[in-house]
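Survey of secondary and tertiary structure
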Amino acid sequence: GNGLPEAILLGDLDGDFMVGVNDLLVLLDGWGACYWPEEAGACCTESSCWLTMPDLCTDAAGDWQGEGSRCESADCTYGEQDGACCYVDGDGTTKCLITLVTECQTFGRPYLGLECNEVDCPDSFGACCIQEGTTWTCINGRTPQECTQAGGEFQGHDTWCEDDPCPVNTSCCLDGLCFDDFQEDQCIGSGGTWNDGLNCDDVVCESVPPNDDIDNAIFISPGLHEFDTTTATSGSPFDDFIVCENAGDLMVHNDVWYAVDIPSFNFGIVSTCNMAQFNTRIAVYSLKGDSLQMTACNDDNEFCMDGTSEVFCDFMPGINYIRIGGSDLTAAGLGSLRLDLLKGH
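On a predicted model such as this, the values are computed, not experimentally measured, just so you know.

Let's shift gears to the sheet that holds strand β18 (residues 291-299). One open sheet accounts for five strands, arranged β13-β15-β20-β17-β18; its pairing is mixed. Unpaired on one side and paired on the other, β13 (218-219) and β18 mark the two borders of the sheet. Both strand β17 (residues 280-288) and strand β20 (residues 318-326) contribute to a ladder of seven bridges, which runs antiparallel. Bridge pairing in β20 places Tyr285 opposite Tyr321.

Next up, the structure:
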């Protein structure tokens, strides 16, 4: 939307607000697969939007919207001028009124200098979220097609940037290091701790335990072994606690890993019973070929207090893994692991 005749907008390539020979020369100079020269784009000024070249937009003290941009989808601010404003009525239909462009930009789709009878309001428009690197920009009043063409994500009919519909990026602690511009699902899916609303300048990421994942499992022998899962992350394998009592949560949260080398078949006990500050879970795994196979697990042993755990299980010849973690995201802390091998050792 703008206040210039459509013919001038479409033909004025040199920015002099007239259509003449010079415009034809600009067109012929950029002639190719597309009608417009590749460099042409929308230029926002205080009073209008026009299609021109970047250097001409600069000369006119305009705001260049980028190569290939068009006025119908440009995010121009025109100051205290009025025009037609398409808005969404209470019944969900789009209607038109005349108002200041600056006001319309907060609740509708403005058309500078046009009357309502000159505007065909789209059936659907709303907020468009465009990702630029690791940040998101929100633009009001875009149709689904305009938003898609701009590389954005349409948030739905009658949605508004003032309601913060775009994804929120914030910092994430991974392996003791802090990274900005993460989304929550990306951070947690990577085994990190999402710092809701905080940048790395505002947080201190504590180092994770050295045996935070199976690749760095600590080899142990029978006996008592202290652990601290306070800064541990929740890693893979995910959702495999389904074979044990789990209260609807299939994860072993905030886990640390141990390994034991078994020369021959053994029967053993793995226990945190009455030896941890939090509700623990235990899982024992063996290798079957290249695959990790759970052989035993426990949550809330009936003979142990405070949700601590204990399993009696077979240990296969070769490397066996012991996983100690919590029953939910908040379950972490200090404790001790006891390993007993009862025969063949």
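Our next topic: the confidence of the model for the protein chain. Averaged over every residue, the pLDDT of the protein chain is 83; residues scoring 70 or more account for 86%. Least confident of the elements in the protein chain is helix α1 (residues 6-11), whose mean pLDDT is 47; most confident is β13, at 97. Segment residues 1-9 is flagged for pLDDT under 50; beyond a separation of four residues in sequence, or across chains, it makes 20 contacts in the model. Note that residues 30-35 has pLDDT below 50 and, in this model, three contacts with residues that lie over four places away or in other chains.

Next up on the list: the packing of aromatic side chains. Describing an aromatic ring pair means giving the distance of the ring centres and the angle of the ring planes. Scanning the model with the defined rule gives four aromatic pairs in all. Arranged with centres 6.3 Å apart and planes meeting at 75°, the rings of Phe125 and Trp160 form a pair that is edge-to-face. Taken together, the residues span a long stretch of sequence, with Phe125 in the loop between β6 (108-112) and β7 (126-132) and Trp160 in the loop between β9 (153-154) and β10 (170-174) at a distance of 35 residues. For Phe125, a relative accessible area of 0% gives the class buried.

Moving on, we come to unusual backbone geometry. The omega torsion across Ser236 and Pro237 is 0°, close enough to zero to call that bond cis. You can see Pro237 is positioned in the loop between β14 (223-228) and β15 (253-262). Phi is positive for Asn254, close to 50°, though the residue is something other than glycine. Inspection of the secondary structure puts Asn254 in strand β15. In this structure, Asp306 takes a positive phi of about 60° despite not being glycine. Examined against the element boundaries, Asp306 turns out to sit in the loop between β18 and β19 (310-315).

Attention now moves to the pairing of β7. Remark: a regular strand shows side chains that alternate across the two faces of the sheet. Along β7, five of the seven residues are buried, which leaves the element largely enclosed by surrounding structure. Pairing geometry for β7 and strand β8 (residues 135-142), over six bridges, is antiparallel. Across the sheet, the residue bridging to Cys129 is Cys138, located in β8. Direction of pairing for β7 relative to β9: antiparallel, over a ladder of two bridges. Note on β9: the bridge partner recorded for Cys128 is Phe154.

Now for the nonpolar core. By size, the foremost hydrophobic cluster in this structure holds 22 residues, and its most contacted members are Val270 and Phe315. When residues of this core are traced back to their parent elements, those giving at least two are β15, β17, β19, β20 and β21 (334-341). If you tally residues by element for this core, the top one is β15, at four residues. If sequence neighbours within four positions are ignored, Val270 has contacts with Ile282, Val284, Glu310, Val311, Phe315, Ile322, Leu337, Arg338 and Leu339.

Here Asp300 shows up in the loop between β18 and β19. It is 9.1 Å that separates the C-alpha atoms of Asp300 and Asn246, two residues lying 54 residues apart in sequence. In contact with Asp300, not counting residues within four places along its chain, are Asn279, Thr280, Gly307, Thr308 and Ser309.

Here is what the cut-offs are and how they apply
- Residues numbered from 1 in each chain as written.
- Predicted model: local features only at pLDDT ≥ 70, side-chain atom pairs only at ≥ 80, totals over all residues.
- Heavy atoms only, no water.
- Pairing = 2+ DSSP bridges.
- Helix = DSSP H or I, 4+ residues; strand = E, 2+ residues; numbered from the N terminus.
- pLDDT = per-residue confidence, 0-100.
- Contact = heavy atoms within 4.5 Å.
- Phe/Tyr/Trp six-rings, centres within 6.5 Å; stacked < 30°, edge-to-face > 60°.
- Buried < 20%, exposed > 50% of the residue type's maximum accessible area, 1.4 Å probe, protein only.
- Core = buried A, V, L, I, M, F, W, Y, C linked by side-chain atoms within 4.5 Å.

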